[in-house]
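Close look at the chain arrangement
What follows is each chain in one-letter form.
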Amino acid sequence: MIYLDNASTTKINEEALKVFNEYSMEYYFNPSSPHKAGFKNSLKLCNMRDKAKELLGIKQQDNLYFCSGATEANNAILRSNFREGARFVVSAGEHPSVLNVCKDLQNKGIEVIYVGLNKDGTVNIDELIKIVSENQVDFVSIMNVSNETGAVNDIQKIVKICKTANSKCLIHSDGVQAVGKIPVNIQALGVDYYTLSGHKFCGPKGVGAFFVGKNAPFKPLLLGGGQEMGNRSGTENLPGIASMVKALEIAVYNQKENYNKVKEIKDFVIEYFSRDKGILFNTTSNHSPYVLSMSVVGLKGEVLVHFLEQHDILIGTGSACSSKKAGNNSLQAMGLKRDEVLGSLRLSFSYNNTMDEIEKACDKLEDIIIKQRELQ
Ligand code: PMP
């Protein structure tokens, strides 16, 4: 199988899987238990948190909490900032775990202003400046890297703009497609909140983490046994956390090497299909190399995905999370025409992909496109 849908999820790293198994079979004790085995696990959990903080550039006095993944983290952070009359700014290309919470909170009395995207998928900075200077904005959520296009937002600059307009404005960035793939130093970004998810960087599924700055408010989504310093109740998923932190360590240590390998892959695909004038690229080589969005104008992305699947090649259309609905928030916000959105494909890569696989996938996709065009 040739797997080119790594932005939706990745195969777990073997070392990370080994750690998951160890913590499931040998160190399976509850860190809250009163016995020695439980206590030892609570110390191990402390070490994992410290390690993750170090890898993500988080100061010791700031907080990192473990949870079930980025959907939960995004929900918890946005809901923590709910106050009737509060004004939120989010980009039009955010993940549904941000956009749908905004819709819900809008019904409960917040105002949401959507900032548009440029043609390249990044947030329109001029529009953001206008919004924050004309309105008192309380909370901003802008993703670090787009899951649909790989566009990289300048979060540091965005934080500066928002904090200059209102020093009390709190800023969240969804870092799911950034962590382990591009350099991420949360302290340097200057955000108040940041979310990540293990299964996007070859860790296990169902585990993630979120950063909360020392002075940022946080209200837990779940109440119960008071785990995670009272911020995320529920018995800690120690196998998941241990395995995710191992995967994070591997991804961060190999970040540069993997980036260069994946960039070579993306550049190859762009070059391969740029000879076809009926194909538009919704990403450039300045984007994260891990995601390539392209539109085969006049054909349906979904149909192409299914034909490729018959040859054991897996790719995506837009974002997997929203593909069952109209989806493609970013592509629409970038101003793509309807047939360009319908014809969109998302190829997302991993350092596990080989050049041989990529060449095979490109040849097959080209064959399918030619055949489908002939049938029209
Ligand atoms: N944000 C982004 C940008 C994502 O790509 C995803 C996963 N598709 C999520 C949030 C949700 O993450 P999780 O699967 O951990 O809930």
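Residues numbered from 1 in each chain as written. Predicted model: local features only at pLDDT ≥ 70, side-chain atom pairs only at ≥ 80, totals over all residues. Heavy atoms only, no water.

Observations regarding the pairing of strand S8 (residues 208–212)
The buried count for S8 comes to five of five residues, which makes it a mostly enclosed element. Burial along S8 is two-sided: Gly 208, Phe 210 and Val 212 facing one way and Ala 209 and Phe 211 facing the other are all buried. Where strand S2 (residues 63–67) lies against S8, five bridges are found, and the strand directions are antiparallel. Pairing of Cys 67 across the sheet is with Gly 208, part of S8. (Buried < 20%, exposed > 50% of the residue type's maximum accessible area, 1.4 Å probe, protein only. Helix = DSSP H or I, 4+ residues; strand = E, 2+ residues; numbered from the N terminus. Pairing = 2+ DSSP bridges.)

A few points about the packing of aromatic side chains
What the rule picks out here adds up to nine aromatic pairs. Between Tyr 65 and Phe 218, the aromatic rings sit 6.2 Å apart at their centres with planes inclined by 35°, giving tilted as the arrangement. Pair noted here: Tyr 65 is in strand S2 and Phe 218 is in the loop between S8 and helix H8 (238–253), with a separation of 153 residues, a long-range link. Each member of the pair Tyr 65 and Phe 218 is classed as buried. Connected via pairs of aromatic rings, a cluster forms that spans Tyr 65, Phe 210 and Phe 218. (Phe/Tyr/Trp six-rings, centres within 6.5 Å; stacked < 30°, edge-to-face > 60°.)

Some thoughts on the confidence of the model for the chain
For the chain, the mean per-residue pLDDT works out to 96, and 97% of the residues sit at or above 70. Across residues 319–323, confidence stays below pLDDT 50; counting only partners more than four residues off in sequence or on other chains, it has 11 contacts. (pLDDT = per-residue confidence, 0-100. Contact = heavy atoms within 4.5 Å.)

Considering the pattern of salt bridges
Pairing of side chains with opposite charge becomes possible as their charged atoms draw close. Counting across every chain of the model gives 15 salt bridges. We note a salt bridge from Glu 72 to Arg 232, for which the minimum N-O separation is 2.8 Å. Taken together, the residues span a long stretch of sequence, with Glu 72 in helix H3 (residues 70–80) and Arg 232 in the loop between S8 and H8 at a distance of 160 residues. Under the relative-accessibility criterion, Glu 72 is labelled buried at 12%. The salt bridge involving Lys 163 is made with Asp 192; its shortest N-O contact spans 2.8 Å. (Salt bridge = Lys/Arg side-chain N within 4 Å of Asp/Glu carboxyl O.)

Here's the deal with helix H10 (residues 301–309)
Each full turn of the α-helix corresponds to 3.6 residues, which orients residues three or four apart in the same direction. Here H10 has its buried residues at Gly 301, Leu 304, Val 305 and Leu 308. Each buried residue of H10 lies within a common arc of 105° when the element is viewed along its axis, so the set occupies one face. (Arc of directions from axis to C-beta.)

Considering the packing of helix H1 (residues 14–25) against H8
Close contact between H1 and H8 brings their axes to 8 Å; oriented N to C, the two are set at 155°. Viewed along their axes, H1 and H8 adopt a mutual orientation that is roughly antiparallel. Crossing handedness for the pair H1 and H8: right-handed. Here Glu 15, Ala 16, Leu 17, Val 19, Phe 20, Tyr 23 and Ser 24 of H1 come into contact with H8, specifically with Leu 238, Pro 239, Gly 240, Ala 242, Ser 243, Lys 246, Ala 247 and Ile 250. Its residues assigned to classes, the contact of H1 with H8 comprises 10 nonpolar, three polar and two charged. (Axes fitted to C-alpha atoms, helices over the stretch in contact; angles between N-to-C directions. Parallel < 35°, antiparallel > 145°, perpendicular 65-115°, else oblique. Left-handed = near helix turned anticlockwise from the far one by under 90°. Nonpolar A, V, L, I, M, F, W, Y, C, P; charged D, E, K, R; others polar.)

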